[in-house]
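# Coordinate analysis (summary)
Spelled out, the chains give:
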Amino acid sequence: MYNSRVREETAYDLYARGMAMLDGGHPHQAAMLLARAKLLEPEKASIREALGRALFMSGRPGHARREFTKAVQLNPSDDYGHFALALACERTGQRERGLGHAKLALVLQPGVSDYERVLERLSA
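Reference entry: report on the structure contained in this document. (Residues numbered from 1 in each chain as written. Predicted model: local features only at pLDDT ≥ 70, side-chain atom pairs only at ≥ 80, totals over all residues. Heavy atoms only, no water.)

### Let's talk about the packing of helix α3 (residues 45-57) against helix α5 (residues 79-91)
Note the threshold: Lines fitted to the C-alpha atoms define the axes, with helices restricted to the stretch that makes contact. Angles between their N-to-C directions range from 0 to 180 degrees. Secondary structure elements are taken from DSSP: a helix is a run of H or I of four residues or more, a strand is a run of E of two residues or more, and numbering for both begins at the N terminus. Roughly parallel refers to an angle under 35 degrees, roughly antiparallel to one over 145, roughly perpendicular to one between 65 and 115, and oblique to any angle outside these ranges. Put simply, a crossing is left-handed when the front helix is turned counterclockwise from the back one by less than a right angle, and right-handed when it is turned clockwise. Whether two residues touch is decided by their heavy atoms; if any such pair falls within 4.5 Å, the residues are in contact.
At a minimum axis separation of 11 Å, α3 and α5 run at an interaxial angle of 30 degrees. When the interaxial angle is binned, α3 and α5 end up roughly parallel. The hand of the α3/α5 crossing is left-handed. Contacts from Glu49, Arg53 and Phe56 of α3 reach α5 at Tyr80, Gly81, Leu87, Ala88 and Arg91.

### A short note on the packing of helix α1 (residues 11-23) against helix α2 (residues 27-40)
Close contact between α1 and α2 brings their axes to 8 Å; oriented N to C, the two are set at 160 degrees. The angle between α1 and α2 places the two elements in the roughly antiparallel class. Considering the relative orientation of α1 and α2, their crossing is left-handed. Contacts from Ala11, Leu14, Tyr15, Arg17, Gly18, Met21 and Leu22 in α1 reach Pro27, Gln29, Ala30, Leu33, Leu34, Arg36, Ala37 and Leu40 in α2.

### Details of the environment of Ala31
Topologically, Ala31 is positioned in helix α2. Beyond its immediate stretch of four places on either side in the chain, Ala31 contacts Leu51, Ala54 and Leu55.

### So, the packing of aromatic side chains
To keep it simple, the criterion reads: Pairs were defined over the aromatic rings of Phe, Tyr and Trp, the Trp ring being its six-membered one, requiring ring centres within 6.5 Å. Orientation was assigned from the angle between planes: stacked under 30 degrees, edge-to-face over 60, tilted for the rest. The rule is simple: take the accessible area with a 1.4 Å probe, protein chains only, and divide by the maximum for that residue type; under 20% is buried, over 50% is exposed, in between is partly exposed.
The final tally for this structure, using the stated rule, is three aromatic pairs. Taking 6.5 Å as the distance between ring centres and 40 degrees as the angle between the ring planes, the aromatic pair formed by Tyr12 and Tyr15 counts as tilted. Residue Tyr12 and its partner Tyr15 are located together in helix α1, separated by three residues, close to a single helical turn. Here Tyr12 falls in the exposed class, since its relative accessible area comes to 60%. Through pairs of rings, three or more aromatic residues link up here, namely Tyr80, Phe83 and Tyr115.

### Observations regarding the environment of Asp79
Residue position: Asp79 is located in helix α5. Distance from Asp79 to Tyr115, taken between C-alpha atoms, is 9.2 Å for residues 36 residues apart in sequence. Excluding residues that lie within four positions of it along the chain, Asp79 makes contacts with Ala105, Leu108, Gln109 and Tyr115.

### Here's the deal with the side chain of Arg48
Applied cut-off: For this analysis, a polar contact is any N or O atom pair within 3.5 Å, provided that within protein one partner can donate a hydrogen and the other can accept it, and provided that sequence-adjacent residues contribute only side-chain to side-chain pairs.
By the secondary structure assignment, Arg48 is in helix α3. Among the polar contacts made by the side chain of Arg48, one reaches the main-chain carbonyl oxygen of Pro42 at a distance of 3.1 Å. Setting aside its immediate chain neighbours within four residues, Arg48 contacts Lys38, Pro42, Glu67, Lys70, Ala71 and Leu74.

Rendered as structure tokens:
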């Protein structure tokens, strides 16, 4: 007899598949998977950050900014989250806000050249 029980995807399954899509250069597909993961685990900073990356890479910086904002609210010590939020703020015309997050990223993880370049660019 056929077993009709189908294993439902977990947030982790969706996250892992989304990250593989993101790493493979497919941000639109990644965003779809990660958005589904977010519905299952809305308070997971890692999912929010990955979704923000996918949205940013898909050319949707305003949506990405919202996801990065939530990610750093959930995990204020996430240096990459602050860096990504700074980039999204810059892209959406919120340079002053971006500057603050670039500074935080560099304080949390000193010496990262990408963080230094964004801080320099936003400070100009």
